[in-house]
Amino acid sequence: MDPPAATKAAEVAATPPPRRRQTRGAINVQRTLLFTISFSILSLLKLEPLARNSVQDHNNEIDMPHNRDIDTPQLLPKEDTARQNEIEEENFLPRVLAFVFPQFHKDSLNDRIWGEGFTDWDSLRNAPEKNRLGFQIPRPTELGYYNYSEAEPRRKQGELAAKYGIDGLIFHHYWFNDEAHPGPNLHEPLVNMLKDGYPDVPFALHWCAQKWIVTWNAKVAPDFKFPESDVLQTQKFPRDEEKIKEHYDWLKQFFHHPNYIKVDGKPLFLLYEKKAGHLFWLPKLRELAKLDGFPGLYFVVGISKPHEHLLEVKDEEFEETVRGMNVYKGRVLGKNLFDKVLAYPNPSDWAKGRSLEIPSWCADNIDGGDKTKLKRGVEIAGIINSFDNTPRRNYEDAHLFATGEPDEVVELFRKSLDSALYYEACCFSDINDRSSKVQKEDDRFIVINAMNEWGEGMALEPSDVYGRKFLETIRDTKDAISKSRCTRDDDESRKSGHGLR
């Protein structure tokens with residue numbers, strides 16, 4: 001993204017002296033005083049977040065072409081940007097990250113499978129105006145049908161992310177170890193980011209290490225030959241240390257970038273799902289990272305399951321499946337390969353029409369109650385903003401998971417985000433201990449799917465259906481929780497569905 005820079009080993013934060021147990025009221029008074037002092041200092045110094053340096057005028061609109069008529073609100077004024085900086089510095093909230101889908105540029109892999117020049121924009125352009133339920137399929141407005149290998153759309157995307165409180169982007173990364181198509185794929189935007197510096201925001205990589213099967217409704221190229229039945233692209237994990245080193249040597253240019261997201265100095269590296277090949281590959285990648293000057297790598301693996309605390313599944317049809325996935329989660333973590341699991345934000349029947357909810361053991365003890373009932377888990381909450389894959393599927397077979405009246409879809413997203421943020425910030429007793437850790441080294445995340453997966457209707461980017469409502473919801477929800485300091489009035493309690501005070 002930006003030019004590579006040498007990294008330094010993470011400094012170990014000094015352990016704070018033991019503190020006497022304090023009342024909730026005393027803690028809130030201290031937090032409020034610290035909050036006021038911090039804000040005053042930031043206001044005097046007129047500090048701006050480092051990740052926002054590329055924004056020229058914080059009070060003006062980004063000059064983006066509009067494809068359709070739609071009301072576009074102003075970007076955050078400078079005082080709100082300072083407020084966002086303060087939220088990040090105090091390490092109260094978890095980092096909110098969003099997946100980025102890179103397939104909006106010409107690539108030799110897509111050329112080979114789908115035909116010369118194919119991108120996922122073709123899927124959206126060929127889609128009907130509405131899905132089978134009669135709801136409009138979102139299409140881009142401000143950023144347009146961009147070429148993601150070019151700097152300008154990535155610059156604008158980064159500015160939107162920074163302005164609206166997205167703490168980092170997670171880029172899908174493809175490395176198949178395929179003899180016919182070796183090395184990285186769909187990687188031109190990533191490499192270009194290192195050259196031109198856009199988007200200028202924190203980022204991490206997500207290795208989508210799985211084979212591609214026939215699910216899209218696009219027709220393959222006339223001369224394409226399937227490597228296996230109904231398989232478009234294979235994924236392999238050869239037990240070859242040279243192959244692993246080749247992969248790491250490509251990855252490290254990103255790991256060493258100053259914007260790369262880390263946890264205690266370890267580069268964050270996500271994997272779509274657990275594969276048998278990980279048993280050999282991941283320890284070797286960790287070893288190479290240590291030889292490269294890092295404390296290791298921080299691996300997070302996706303699992304298609306509801307979050308153990310934020311989505312209670314009572315439907316008998318799904319209970320057994322969910323119990324099995326929770327057992328599977330324990331086995332995955334038991335191998336010491338992964339640091340955390342991500343409740344991957346895929347459309348699932350057990351979550352349809354539902355939002356994440358603050359667990360009752362936290363909600364019932366909101367006013368100074370015992371928050372030590374459970375230890376903080378190793379599961380990251382994943383959230384879908386909307387979902388309609390009509391552009392990639394046959395019209396009648398499309399999965400319409402989160403589609404409907406725009407305000408209802410946005411409100412469902414808001415409730416999930418609110419619950420996940422509150423859970424990470426307010427449901428555990430270790431939040432005071434985290435004040436000694438800078439946010440950029442913390443291990444608390446929330447992952448949104450997605451910034452720009454338009455072929456499945458998952459786009460935080462401005463659209464003709466939602467405008468900037470998803471972005472505004474992220475900004476406003478983070479700000480509300482940060483200001484409330486884990487207390488809530490009746491209106492907020494009603495919105496979240498819990499009797500919080």
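Before reading further, recall that the structure is shown in the block above.
Model, not experiment: these values are computed from the prediction.

The next point concerns the layout of surface pockets. By volume, the second largest pocket amounts to about 800 Å³. Together, 28 residues line the second largest pocket, and Gln 210, Trp 216, Tyr 272, Arg 392 and Glu 456 are the ones closest to its centre. At the level of secondary structure, the elements contributing two or more residues to the lining of the second largest pocket comprise helix H3 (108-114), strand E2 (168-175) and strand E5 (212-213). When its residues are assigned to classes, the lining of the second largest pocket shows 13 nonpolar, nine polar and six charged.

A separate point is empty space enclosed by the protein. This model, assessed by the stated rule, comprises two cavities of 30 Å³ or more. Estimates place the volume of the largest cavity at around 340 Å³. Taken together, 26 residues line the largest cavity, and the ones lying closest to its centre are Ala 351, Leu 356, Gly 382, Ile 384 and Phe 401. Counting residues per element, the ones that place at least two in the lining of the largest cavity are strand E11 (379-384) and helix H11 (406-426). Class assignment for the residues of the lining of the largest cavity results in 16 nonpolar, eight polar and two charged.

On inspection of all chains with the given rule, the structure shows two disulfides. Two residues, Cys 362 and Cys 427, share a disulfide whose sulfurs are 2.1 Å apart. Measuring handedness by torsion sign, the sulfur bridge of Cys 362 and Cys 427 sits at about -90 degrees and is left-handed. Here Cys 362, found in helix H10 (residues 360-363), pairs with Cys 427, found in the loop between H11 and strand E12 (445-449); they are 65 residues apart in sequence, far enough to count as distant. The exposure class of Cys 427 is buried, given its relative accessible area of 0%. What connects to what in the chain, once the bonded cysteines are numbered by sequence position, is 1-3, 2-4.

On to the environment of Val 263, then. By secondary structure assignment, the location of Val 263 is in strand E7 (residues 262-263). Val 263 sits in the buried class, given a relative accessible area of 1%. Sequence spacing of Val 263 and Pro 295 is 32 residues, and the spatial spacing of their C-alpha atoms is 9.8 Å. Beyond its immediate sequence surroundings of up to four residues, Val 263 is in contact with Arg 95, Tyr 298, Glu 441, Asp 442, Asp 443 and Phe 445.

Conventions and cut-offs
Residues numbered from 1 in each chain as written. Predicted model: local features only at pLDDT ≥ 70, side-chain atom pairs only at ≥ 80, totals over all residues. Heavy atoms only, no water. 1 Å grid on protein atoms, 1.4 Å probe; cavity = no way out; pocket = protein on both sides within 12 Å on 5 of 7 lines; lining within 4 Å. Points joined across faces, edges and corners; volume = space filled by probe spheres on them. Helix = DSSP H or I, 4+ residues; strand = E, 2+ residues; numbered from the N terminus. Nonpolar A, V, L, I, M, F, W, Y, C, P; charged D, E, K, R; others polar. Disulfide = S-S within 2.5 Å. Buried < 20%, exposed > 50% of the residue type's maximum accessible area, 1.4 Å probe, protein only. Contact = heavy atoms within 4.5 Å.

Spatial relationships are all this shows, so hold off on functional conclusions.
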